[in-house]
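Listed below, chain by chain, are the residues.
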Amino acid sequence: MERWFYLLGSVLLAAAGLGVAVYRHASTGVPVLPDEDRLVWQVEARVEFLATGAPAEALLTLPPEQDGFLAVRETGASPGFGFIVDQSGKQRRAHWTKRSATGEQVLFYQAELIVDPAHRVAPVPPDDVRRPSFEGPYATAAEGVLDAIMPRATNARTLADQLVQAANTRPLSQNMSLLLQGHAPGPLISALLNEAGVAARTVKALPLADGRRYQRLRNYVQVWHDGTWLFYDLVSGRLDDTARLLLWQTDAPSLFDVVGGVNSRVTFSMTSQSRSALGLSRLRDGPLDLTLHSLPIAEQATFKLILTLPVGALVVVFMRLLVGVRTAGTFMPVLIALSFLQTELLAGTVVLVLVVSAALLLRFYLSALNLLLVARIATLVVVVIALVTTLAVVSYRMGLISGLAITFFPMVILAWTVERMSILWEEEGAGEALIQGFGSLLVAICAYLVMALPLVRHLSFNYPELHLCVLAAILLLGRYTGYRLLELRRFRPLADRST
Amino acid sequence: MSWLASPSELRERGVMGLNRRNLDYVSGFNGRRAYPLVDNKLLTKQLAARAGIPTPALLHDLSHQYEIEVVHKQLADLPEFVIKPAQGSGGRGILVIVGRDGEYFVKSSGERVDLRHIKRLLTNIISGLHSLGGRTDSAIVESLVNAHPMFDSMSAGGVPDIRVIVFQGYPVMAMLRLGTRASDGRANLHQGAVGVGLDIRSGRSVGAVQDDRSVTHHPDSQVPLEGIHIPGWPALLRLVSRCFDVTRLGYLGCDIVIDADAGPLLLEMNARPGLSIQIANGSGLDDRLRAVLARDSFAPTVDERVAFALDGLGGAVD
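Residues numbered from 1 in each chain as written. Chains lettered and ligands numbered in written order. Predicted model: local features only at pLDDT ≥ 70, side-chain atom pairs only at ≥ 80, totals over all residues.

J.: Sorry, what's going on with the overall build of chain A here?
T.: Of regular secondary structure, chain A possesses 16 helices and 13 strands. By the burial criterion, 32% of the 499 residues in chain A qualify as buried. (Helix = DSSP H or I, 4+ residues; strand = E, 2+ residues; numbered from the N terminus. Buried ≥ 20, exposed ≤ 12 C-beta atoms within 10 Å, placed from the backbone.)

Okay, here's the thing in structure tokens:
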């Protein structure tokens, strides 16, 4: 009777979770699968320079808000450098500082942009057109070029069309040829337009193509026409479709500046990703929105991680109650799995095994020192931190960037794992320690594999009510009184006798 | 023969799994408030003393570091003794000293250790290294049991003990546990000790296991493990049956040693006894537990319960 009541309760719990999820899907349209998607560009600017030992400072102009792209996240934190976004100028600039830096320095700025054709930004009108002063023979040549074109141009747009064409038609006119010898094509075209009283400017933009690395910005000319900025390629002329062009530098005097360093350069890399349409829905949520999407991006990322924990817990319950794997510590595997989510599986496993085995060796020495338990664990924490630091430095020196991933491992978890393993080793013998150690690792890897599934991450974050189903499953497993898989092996001799 | 047993086969044999033990018996019949009585050996000893259940004599107990610094004075006139944590589990942190060799103490395995080693062990014990949940603990120094001569050839080091599962006061299954070199003389099956199944009706051996596998001889001494007969079996069953009355733990494991002079002594009790005893006996626990549950006798006396066990638990023992 009680058993049925209990079963009913669990089923109701699961049904409630499922019901709310279905209702929410119907009313908000949040996709069930993670791949009903729109394109998201991840763009990375990499500033490199050789620091001279003096205080180092780097400035990078950041892309303005623009049509067609919705910036959802940007980061610029680099280890050892202070980072702020300077909003004081006409264009935002990233500002990195370090009191003293020597050697090769690499700074990253990353932005995540959702492609959204509906996203419009009010264009910033130009300042008054400032007539450039062409000097000497250039003044005459500029006058000649404009005189030849002006009669055919009816407005700013057609004038610009004609100019770009004139700069690319071979053979070049004598005047154009002279001007191009003394000027870069981009600034020349905008200067000629300005000379004619048309608002135009040279800009730098990044053509977007999936998976490109170490790209540079390209020069374009923008012409103010009819209350909007028109894009001109310096060779092919006016661009109608700028969906794959990320405007980067418009009003800033320079793309980037480095103080206290030499041999500086900046390169750009980019990838495109599919991302569920909720990227948009979460930004358009109203003030009454009580979903997790109303949190700031950084907090959302934290919750994305935390909300996979119940699924990891379910995996542990499954592995222990149904399979019968022995683990060192009950939920240590979930915490290890959580660390794996941030370090990647292979790097995380290698780091964990390396640090735990090294610390175990050291601990056998420590146990000879006859310390009290608390002091011993504290000593281990210090030792683990020393090991972690060494490993991070060595792997960074060797060019294995994943060495930095080690810092995501909570030190206390590492230290406790080491402590538990060494107690097991002393008391139950190497065999039991290895069984439980590998049991923990196995369960952690299983939990990681489940927690890392895109579907699991998507559902646990976007449909948090489904955790009621997870809870129901755990409650049901908690009443399971049948045999564990490994017990079928353990008790096999008993079954043999009956046959 | 398949690699795995089929669940239905095991069910038919009445084999109990860990999940079932934990849910239906440990949490079903053992009140949490009684746990400290069995988890803390110091409390167990006091409880047993009040109820007149014999245990190895308590010589000293230490719970502070300053007591450890001067422990050599207390150990000076003790030729043989046993140190164990009051709240230890799984036989961890137990040291058996059987004699002296000048400065050194001789362990049951013949190994020699110095005073520093003993002090380190005591420090570890009171700081909770060997205890459930790592709580601070106290260390017990008790008299060494002088094992019955019949066990002399059987065990490598350590004193063999007899584990009896007592359900609602009825002894239902028993096994003799023999230390091996692999278990460092400890009588703990997890650590590689040999378990010899004992017929609950007679105290005669019915089979043996080590590491969950059948064995016929002791792995170190090669002594055959058949035909063992525990002397004074009914008295031993009466002793364990009374343990239920003082703890009120319905599902209990009692560990008994047989002293050459004092007879059966209660060593410790366990509220979560392991399941390897089924393999040692070649028989599942389930049928026997059901037989006890099916008895409709109100508040049976110790003698009634022991008589039922000696009678084969109403036919549940095959």
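J.: Looking at this structure, how should I read the overall build of chain B?
T.: Helix and strand counts for chain B stand at 11 helices and 13 strands. The 318 residues of chain B split such that 48% are buried.

J.: Before we go on, may I ask you to explain the interface of chain A and chain B in this structure?
T.: Size of an interface: often given as the accessible area lost when the parts come together. Between chain A and chain B, the residue contacts involve 26 residues of the former and 31 residues of the latter. Breaking the side of chain A that touches chain B down by element, the ones donating at least two residues are α12 (411-451), α15 (485-490) and α16 (492-498) of chain A. In terms of residue count, the dominant contributor to the side of chain A that touches chain B is α16(A) (seven residues). In the side of chain A that touches chain B, the residues fall into 11 nonpolar, five polar and 10 charged. (Contact = placed C-beta atoms within 7 Å. Nonpolar A, V, L, I, M, F, W, Y, C, P; charged D, E, K, R; others polar.)

J.: Quick question: what am I supposed to make of the environment of A:Leu488 here?
T.: Inspection of the secondary structure assignment puts A:Leu488 in helix α15. Sequence spacing of A:Leu488 and A:Val323 is 165 residues, and the spatial spacing of their C-alpha atoms is 9.8 Å. Excluding its chain neighbours within four sequence positions, the residues that come into contact with A:Leu488 are A:Tyr483, B:Leu4, B:Ala5 and B:Pro7.

J.: I tried to follow the environment of A:Gly324 on my own but got confused; where do I start?
T.: One can find A:Gly324 in the loop between α8 (309-323) and α9 (332-343). As a C-alpha pair, A:Gly324 and A:Leu486 span 162 residues in sequence and 5.6 Å in three-dimensional space.

J.: Honestly, helix α8 (residues 233-247) of chain B in this entry has me stumped. Any pointers?
T.: Residues and elements named next belong to chain B. With 15 residues, α8 should reach 21 Å at 1.5 Å per residue; the first-to-last C-alpha distance of 22 Å fits that figure. Looking at α8, one finds that the buried residues are Trp-233, Leu-236, Leu-237, Leu-239, Val-240, Ser-241, Arg-242, Cys-243, Phe-244 and Thr-247. Backbone geometry just downstream of α8 places Arg-248 in the positive-phi region, at approximately 60°. (Expected span 1.5 Å × (residues − 1).)

J.: Can you walk me through the sheet that holds strand β11 (residues 245-249) of chain A in this structure?
T.: Pairing between the strands of a sheet comes from backbone hydrogen bonds, and it takes one of two forms, parallel or antiparallel. Residues and elements named next belong to chain A. Read across the open sheet, the five strands follow the order β10-β9-β8-β7-β11; overall the sheet is antiparallel. The sheet is open, and its two borders are formed by β10 (237-239) and β11, each paired with just one other strand. Direction aside, neighbouring strands of the sheet carry axes that sit 50° apart on average. Alignment of strand β8 (residues 218-225) against strand β9 (residues 228-233), held across five bridges, turns out to be antiparallel. (Pairing = 2+ DSSP bridges. Axes fitted to C-alpha atoms, helices over the stretch in contact; angles between N-to-C directions.)

J.: For this particular structure, what's the right way to read the packing of α8(A) against α9(A)?
T.: A pair of packed helices is characterised by two quantities: the angle between their axes and the separation of those axes. Residues and elements named next belong to chain A. Taken N-terminus to C-terminus, the directions of α8 and α9 make an angle of 135°; their axes are 9 Å apart at the nearest point. Taken together, the axis directions place α8 and α9 in an arrangement best described as oblique. The handedness of the crossing between α8 and α9 is right-handed. Contact residues: Leu-309, Gly-312, Ala-313 and Val-316 in α8; Pro-333, Val-334, Ala-337 and Leu-338 in α9. Classifying every residue of the contact of α8 with α9 by side-chain character gives seven nonpolar, one polar and no charged. (Parallel < 35°, antiparallel > 145°, perpendicular 65-115°, else oblique. Left-handed = near helix turned anticlockwise from the far one by under 90°.)

J.: Which parts of the structure should I look at to understand the sheet that holds strand β11 (residues 213-214) of chain B?
T.: All names here are of chain B. With antiparallel pairing, seven strands are arranged side by side in an open sheet as β11-β10-β9-β8-β7-β12-β13. If you trace the sheet from one side to the other, it starts and ends with β11 and β13 (263-270), each paired once. The pairing of strand β7 (residues 161-167) with strand β8 (residues 170-178) spans seven bridges and is antiparallel. Considered in β8, the bridge of Arg-163 is made with Met-175.

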